[in-house]
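Chain by chain, the residues:
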Amino acid sequence: VCFIPGGLDCSISFVSHVLGKVCVHGWQKEILGVLVPRLTDLTKSDCIWQRICWQLVECVPDRWMEAVVLGFVQRAPGADVLSRLLGNLVVKNKKAQFVVAQKMLLLQYGHTTAVLQNLLGYLSLDSVRRTLLLRVLQELLETWSSSSAVKHSPAEQQLYISKAILICLSYLKEAEIASCRQELLTSMMEGVKCHLESSLPQLRRLGMVVAESISLNINTEGPVLKFEYEEDDETRELKSLLVQTPSFYVVPSLLDDDRSEKAGAALPLVPESNEKSYTAAPVMPDELDAELDSDDDLIPYDMSEDKELKIKAPVYIRDCIEVLTGSRSEDVDIWEATVKALESLVRRNPAATREVSVELAKILLHLEEKTCIEGFGELRQRAQVAVLTTDPIPVAKYLTSQFYSLNYSLRQRMDILDVLVLAAQELSCPKFHGNTKHSGVQKPCIQLLPGSDSSKGWRRIVDERIKSKTRRFDTGQSRVELASRPNEFNSVAGYFFFPLIQHFDRPLTTFDLLGEDHLVLGRLVHTLAVLMYLAVNTVAVTAMGKALLEFVWALRFHTDSYVRQGLLSCISSLLLSVPTERILADMTEELLETQSWLGDVMEKDPDGDCRRLALQNLLLMENLKNKLEAVPS
């Protein structure tokens, strides 16, 4: 940095032009990596250098302003430093205001949390800029509470906006919160509704965390919102943003009087609470003695030899039905024992189960938890799977018909889908019997033909020499041949698949897959993808593939990203399961249209998982094409 002697006036607009042009041509990191630390030191205690720095950035032409401002925000070590370097640039320059208050917050989402804290902390450190902070918070809340934004923007952008909202809330004063309390409450109610309706667990959890934080700030005295969700690193990071770190992001000298008064008023709280506890301390022992006097003479019972009574579970399927539905259902202990033993009983008695399979499936579908059994949902699901695999056709007909029936909750409909998938997996996997002790051997063993001892010796030496000089990409493991069974899903795949795909476009009074029940639609689409994948080498696989392709084509523009992910998974399953010859013979035109749609998804879909799945499907199509070209005609 040069110095001009003699107190002469000078213009630094030329330097500003050079700075802007260098930054916009891709040398932002190099020049600002040197300039920002130097200006940080010079402006620390010299107000003249602060004015020079402000003039430097204010004279940058608008066409280069974005690159300069973005570089300063990213490389400033804290909000206080950024305030010294930029001054009130966002108030004086419309382009800088657009970059800081709109583009970096609403149109971009790749900046780190530290950059967000720098940016919003900078807006909060001056009374003139605080009005802009409030306006930014309102625009962020409008985007966060927009159902269209929640549906069409990626999860990464939703997380970015949520972080920005929580950082803004941490900088607001009580008076500012009071002035916009009603707007905050309205946005909170609309936003949490949109997020809870989402099919993605991450978005639902984001909505809960942000709504809790807003409620905590606007209801300082009354009740606040509280949701039940599993905390992870992302959730803990979001909650930590509500707590400022003054030593890094805020300069104590720039704090307003109101905040310093709050800090001063907060200090006596600890002594007051201590005084209260000390004054109350002499009373506590007397009260405790008075309460405990009546219990001192009681002698505890000796329960060391007590044994827990074992309840005998039913041993017949019809007894289980009677316990779960009849008069004996009031006996809680027997009911619990029946629920725990039902799966193994069904698998041990397939003939008896087939006689009452549909009735038992109906009972299990409507079965509700009467006591707090650990893992009740899993026990019921495993019993349902056992019934379905024991008698697949009638039970599958019953469950698929009930999926589109009236008077079922969304939870019951999703339970039906889960049971169908698990049963299909079990039926499609061949069951091995016999000794599998040797399947985990790490080194391949050499099995010799019968012969003399000497022949075994030289044979072993030759084999080891060949092995040592042979380059292998994968030696694999030696496996003992195991007895296998036919794919039982082959003959029943259609009963699982076609009834589910028939009535998806027919809304019921309490169930509309194409409307508000898109969460169940997403589960249905993923279920069809799994069933299609498991139907490989079955007789009905080609018909299933054609029906699934028509289903995907009807829903390809669905707004919910979870549904679109399922549709793309259906395409993957179809390409992997249906024989290549049948695809080209029966679905050539549909496949070409699908390829064009996949290209659009890969380029334009806002969801990252959808883009990845579309690329995967295009690669599968390319592999199929290469295989066909390699086959000699």
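Keep in mind that what you see is a predicted model, and the values were worked out from it rather than measured. (Residues numbered from 1 in each chain as written. Predicted model: local features only at pLDDT ≥ 70, side-chain atom pairs only at ≥ 80, totals over all residues. Heavy atoms only, no water.)

Peer 1: Got a sec to walk through the overall build of the protein? Specific residues and values, please.
Peer 2: Counting its secondary structure elements, the protein contains 33 helices and zero strands. The buried share of the protein, reckoned over its 633 residues, is 42%. Across the protein, the fraction of contacts at a sequence separation of at least 24, relative to all contacts at a separation of at least 6, is 75%. (Helix = DSSP H or I, 4+ residues; strand = E, 2+ residues; numbered from the N terminus. Buried < 20%, exposed > 50% of the residue type's maximum accessible area, 1.4 Å probe, protein only. Contact = heavy atoms within 4.5 Å.)

Peer 1: Please provide a residue-by-residue account of unusual backbone geometry, values included.
Peer 2: A positive phi angle, near 65°, is found at N407, a position not held by glycine. Within the fold, N407 resides in the loop between helix 24 (392-403) and helix 25 (410-428). At N537, a residue that is not glycine, the phi angle is positive and equals roughly 70°. As for its placement among the helices and strands, N537 is situated in the loop between helix 28 (518-534) and helix 29 (541-555). By relative accessible area, which is 71% here, N537 ends up exposed.

Peer 1: Which residues make up the nonpolar core, and what values go with them?
Peer 2: Within the largest apolar cluster, 88 residues are counted, with the highest numbers of intra-cluster contacts made by F403, F489, F496 and L524. Element by element, the count of residues in this core is highest for helix 28, at nine residues. Other than its neighbours up to four places away in sequence, F496 contacts L388, P392, A396, T400, L420, A423, A424, L427, F489 and L531. Among the nonpolar cores identified, the runner-up in size contains 77 residues, and L82, I161, C194 and Y562 belong to it. (Core = buried A, V, L, I, M, F, W, Y, C linked by side-chain atoms within 4.5 Å.)

Peer 1: Now, about the pattern of salt bridges: what can you tell me, with residues and values included?
Peer 2: Per the counting criterion, the structure on display carries 21 salt bridges. Note that R382 is salt-bridged to E343, the shortest N-O span being 3.0 Å. With a gap of 39 residues between them, R382 in helix 23 (residues 376-390) and E343 in helix 20 (residues 332-348) connect regions that are remote in the sequence. For R382, a relative accessible area of 37% translates into the label partly exposed. Between R411 and D418 there is a salt bridge, with its nearest N and O atoms 3.8 Å apart. (Salt bridge = Lys/Arg side-chain N within 4 Å of Asp/Glu carboxyl O.)

Peer 1: Could you give me a rundown of helix 28, with the residues and numbers involved?
Peer 2: Helix length check: helix 28, at 17 residues, gives a terminal C-alpha distance of 24 Å against a target of 24 Å (1.5 Å per residue), a fit within 8%. Burial within helix 28 is extensive, with twelve of its 17 residues counted as buried. For helix 28, the full list of buried residues reads H518, V520, L521, G522, L524, V525, T527, L528, A529, L531, M532 and L534. Each element contacted by the buried residues of helix 28 is listed here: helix 24, helix 25, helix 27 (493-502), helix 29 and helix 30 (561-577). (Expected span 1.5 Å × (residues − 1).)

Peer 1: Please set out the packing of helix 12 (residues 181-196) against helix 13 (residues 201-218) residue by residue, giving values where relevant.
Peer 2: Viewed as axis vectors pointing N to C, helix 12 and helix 13 meet at an angle of 160°, and their least axial separation amounts to 9 Å. The angle between the axes of helix 12 and helix 13 places the two elements in the roughly antiparallel class. The handedness of the crossing between helix 12 and helix 13 is left-handed. From helix 12, R181, L184, L185, M188, V192, H195 and L196 reach across to helix 13, where they touch L203, R204, G207, M208, A211, I214, S215 and I218. (Axes fitted to C-alpha atoms, helices over the stretch in contact; angles between N-to-C directions. Parallel < 35°, antiparallel > 145°, perpendicular 65-115°, else oblique. Left-handed = near helix turned anticlockwise from the far one by under 90°.)

Peer 1: Could you give an account of a negative patch on the surface, naming the residues involved and the relevant values?
Peer 2: Together, E550, E589, E590 and E593 make up a negatively charged patch on the protein surface. Of the residues forming the negative patch, the biggest block, three residues, is contributed by helix 32 (residues 588-604). Examined against the element boundaries, E589 turns out to sit in helix 32. (Patch = residues over 30% accessible without salt bridge, like charges linked within 9 Å, V, L, I, M, F, W, Y side chains within 5 Å. Areas by Shrake-Rupley, 256 points an atom, 1.4 Å probe, with all protein chains shown as cover. Lys, Arg positive; Asp, Glu negative; His and termini not counted. Charge placed at Lys NZ, Arg CZ, Asp CG, Glu CD.)

Peer 1: Outline the confidence of the model for the protein, supporting the account with residue identities and numerical values.
Peer 2: Scored by pLDDT, the protein comes out at a mean of 80, with 78% of its residues at no less than 70. When mean pLDDT is compared element by element in the protein, helix 24 scores highest at 93, while helix 17 (residues 269-280) scores lowest at 38. Counting interchain partners and residues more than four positions distant, the pLDDT-below-50 stretch residues 246-288 has 26 contacts. Here residues 432-459 scores under 50 on pLDDT; set against residues more than four positions off or in separate chains, the count is 19 contacts. (pLDDT = per-residue confidence, 0-100.)

Peer 1: Tell me about helix 19 (residues 317-325), residues and numbers included.
Peer 2: For helix 19, the full list of buried residues reads I317, C320, I321, V323 and L324. What you see down the axis of helix 19 is that its buried residues fit within an arc of 165°, all on one side. Elements in contact with the buried residues of helix 19: helix 20, helix 21 (350-355) and helix 22 (357-366). (Arc of directions from axis to C-beta.)

Peer 1: So what's going on with empty space enclosed by the protein? Which residues, and what values?
Peer 2: Empty space among the atoms becomes apparent when a probe as large as a water molecule is rolled across them. Scanning all chains against the criterion turns up two cavities of 30 Å³ or more. Approximately 30 Å³ is the volume found for the second largest cavity. Residue lining of the second largest cavity: L324, V339, L342, L364, L367, L379, R380 and A383, and that is the complete set. Secondary structure elements with two or more residues in the lining of the second largest cavity: helix 20 and helix 23. (1 Å grid on protein atoms, 1.4 Å probe; cavity = no way out; pocket = protein on both sides within 12 Å on 5 of 7 lines; lining within 4 Å. Points joined across faces, edges and corners; volume = space filled by probe spheres on them.)

Peer 1: Help me get a handle on the packing of aromatic side chains, residues and values and all.
Peer 2: The geometry of an aromatic ring pair is captured by the separation of the ring centres together with the interplanar angle, meaning the angle of the planes. Tallied over the entire structure, the rule returns six aromatic pairs. Aromatic side chains F497 and F498 sit 5.3 Å apart centroid to centroid with 90° between the ring planes, which places their arrangement in the edge-to-face category. Judged by its relative accessible area of 25%, F498 falls in the partly exposed class. Within the aromatic cluster, the residues linked to one another by ring pairs are F403, Y404 and F511. Above the face of the F511 ring, R413 is positioned so that its terminal group lies 4.0 Å from the ring centre. (Phe/Tyr/Trp six-rings, centres within 6.5 Å; stacked < 30°, edge-to-face > 60°. Lys NZ or Arg CZ within 6 Å of the ring centre and 35° of its normal.)

Peer 1: If you had to explain the environment of F403 to someone new, which residues and values would you point to?
Peer 2: If you trace the backbone, F403 turns up in helix 24. Among the residues examined, F403 registers a relative accessible area of 0% and is labelled buried. A sequence separation of 100 residues divides F403 from H503, and the C-alpha atoms of the two residues are 9.8 Å apart. When neighbours within four sequence positions are excluded, F403 is seen to be in contact with R413, I416, L417, L500, F511, L513, V520 and L524.

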